[in-house]
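Remarks on the overall topology
One-letter residues, chain by chain:
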Amino acid sequence: MDHVDLGILRELDRDARISWRDLGEAVHLSPTSAADRVRRMEREGIIDGYSVRVDPAALGRTVRAVIDVSLGAGVQVDEFEERLAHREEVAFAAYVTGTADYSVIVECRGAEGLDAFVRWLRAEAGVSRTETKMLLRIVAD
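Report on the accompanying structure. In this text, all values refer to a predicted model and were calculated from it rather than measured experimentally. (Residues numbered from 1 in each chain as written. Predicted model: local features only at pLDDT ≥ 70, side-chain atom pairs only at ≥ 80, totals over all residues. Heavy atoms only, no water.)

Notes on the pairing of strand S3 (residues 102-108)
Burial within S3 is extensive, with six of its seven residues counted as buried. Note that strand S1 (residues 63-71) and S3 share seven bridges and pair antiparallel. Its bridge partner being in S3, Ala 65 is matched across the sheet by Val 106. Here five bridges tie strand S2 (residues 90-95) to S3, and the two strands are oriented antiparallel to one another. In the sheet register, Ala 94 faces S3, and the bridge partner there is Ser 103. (Buried < 20%, exposed > 50% of the residue type's maximum accessible area, 1.4 Å probe, protein only. Helix = DSSP H or I, 4+ residues; strand = E, 2+ residues; numbered from the N terminus. Pairing = 2+ DSSP bridges.)

Written out as structure tokens, the structure is:
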């Protein structure tokens, strides 16, 4: 990887649908050379896929929160993770170090949706403790 590859990754992070021509211009390469570098990074696993960013508010999910979750005694981790993965509100979840077992980022339909999700965690998912922080503004993504 060199500074040109890093520039390509930066441009693709901003717009993964950028044309080869525009990508080449941005990093001072021909369109063919830019495409060749992208394909090489894909083959080497540096680029492992592309995704779509969806505005949660456009789907009615107007409340975002980070929930630190501690599991109750005897809860099966695999089962908890499976159940969590199937909830539409979950945007991100990670097993973490510290006082909580997991940090979960959710996108909910209003405060009522957040309340319902936290109640589900406690009543049906075997969670013993939660600490919820509503996100007011994203400052880096």
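Continuing now.
A few points about the pattern of salt bridges
By the definition in use, this model includes 17 salt bridges. When the shortest N-O distance is used, the salt bridge between Glu 44 and Arg 40 registers 3.3 Å. Accessibility expressed as a relative area gives 49% for Glu 44, which makes it partly exposed. By relative accessible area, Arg 40 is classed as partly exposed at 22%. As a salt-bridge pair, Glu 89 and Arg 87 come within 2.9 Å of each other at their nearest N and O atoms. (Salt bridge = Lys/Arg side-chain N within 4 Å of Asp/Glu carboxyl O.)

Some thoughts on the packing of helix H4 (residues 77-85) against helix H5 (residues 110-124)
Where H4 contacts H5, the axes come no closer than 12 Å and their chain directions differ by 155°. By the angle between their directions, the pair H4 and H5 is classed as roughly antiparallel. Here H4 runs over H5; the crossing is right-handed. Together, Phe 80, Arg 83 and Leu 84 of H4 and Phe 117, Trp 120, Leu 121 and Glu 124 of H5 make up the contact between the two elements. Class assignment of the residues belonging to the contact of H4 with H5 gives a composition of five nonpolar, no polar and two charged. (Axes fitted to C-alpha atoms, helices over the stretch in contact; angles between N-to-C directions. Parallel < 35°, antiparallel > 145°, perpendicular 65-115°, else oblique. Left-handed = near helix turned anticlockwise from the far one by under 90°. Contact = heavy atoms within 4.5 Å. Nonpolar A, V, L, I, M, F, W, Y, C, P; charged D, E, K, R; others polar.)

Brief notes about the sheet that holds S2
For sheets, the rule is that strands pair by backbone hydrogen bonds, running either parallel or antiparallel. Reading across the sheet, the four strands line up as S2-S3-S1-S4 and stay open at both edges, with antiparallel pairing between neighbours. Each edge of the sheet is formed by a strand with only one pairing partner; in this case those strands are S2 and strand S4 (127-134). This sheet shows a mean twist of 20° between the axes of neighbouring strands, independent of strand direction. Taken strand by strand, H4 contacts S1, S2, S3 and S4, and its axis lies near 20° from that of S3. Its contacts with the sheet place H5 against S1, S2, S3 and S4, and it is angled at close to 160° to S4.

Describing the side chain of Glu 89
With respect to the secondary-structure elements, Glu 89 resides in the loop between H4 and S2. Within the local environment of Glu 89, its side chain forms a polar contact with the side chain of Arg 87, the two groups lying 2.9 Å apart. Those residues within four positions of Glu 89 in sequence are excluded, and the remaining contacts are Ile 105, Val 106, Glu 107, Cys 108 and Phe 117. (Polar contact = N/O pair within 3.5 Å; in protein donor to acceptor, adjacent residues only side chain to side chain.)

Some points on the packing of aromatic side chains
Within the structure shown, the criterion is met by three aromatic pairs. Here Phe 80 and Tyr 102 contribute two aromatic rings whose centre-to-centre distance is 5.0 Å and whose plane-to-plane angle is 50°, an arrangement assigned as tilted. Here the residue Phe 80 occupies a position in helix H4, and Tyr 102 occupies one in strand S3, the gap between them amounting to 22 residues. One exposure class covers both Phe 80 and Tyr 102, and it is buried. Ring plane angle 35° and centroid distance 5.6 Å describe the contact between Phe 117 and Trp 120, whose orientation is recorded as tilted. Placement of both Phe 117 and Trp 120 in helix H5 is noted, with a separation of three residues, approximately one turn of the helix. The same class applies to Phe 117 as to Trp 120, namely buried. A network of ring pairs unites the aromatic residues Phe 80, Tyr 95 and Tyr 102 as a single cluster. For Arg 87, the ring lying beneath its charged end belongs to Trp 120, and the centroid distance is 4.3 Å. (Phe/Tyr/Trp six-rings, centres within 6.5 Å; stacked < 30°, edge-to-face > 60°. Lys NZ or Arg CZ within 6 Å of the ring centre and 35° of its normal.)

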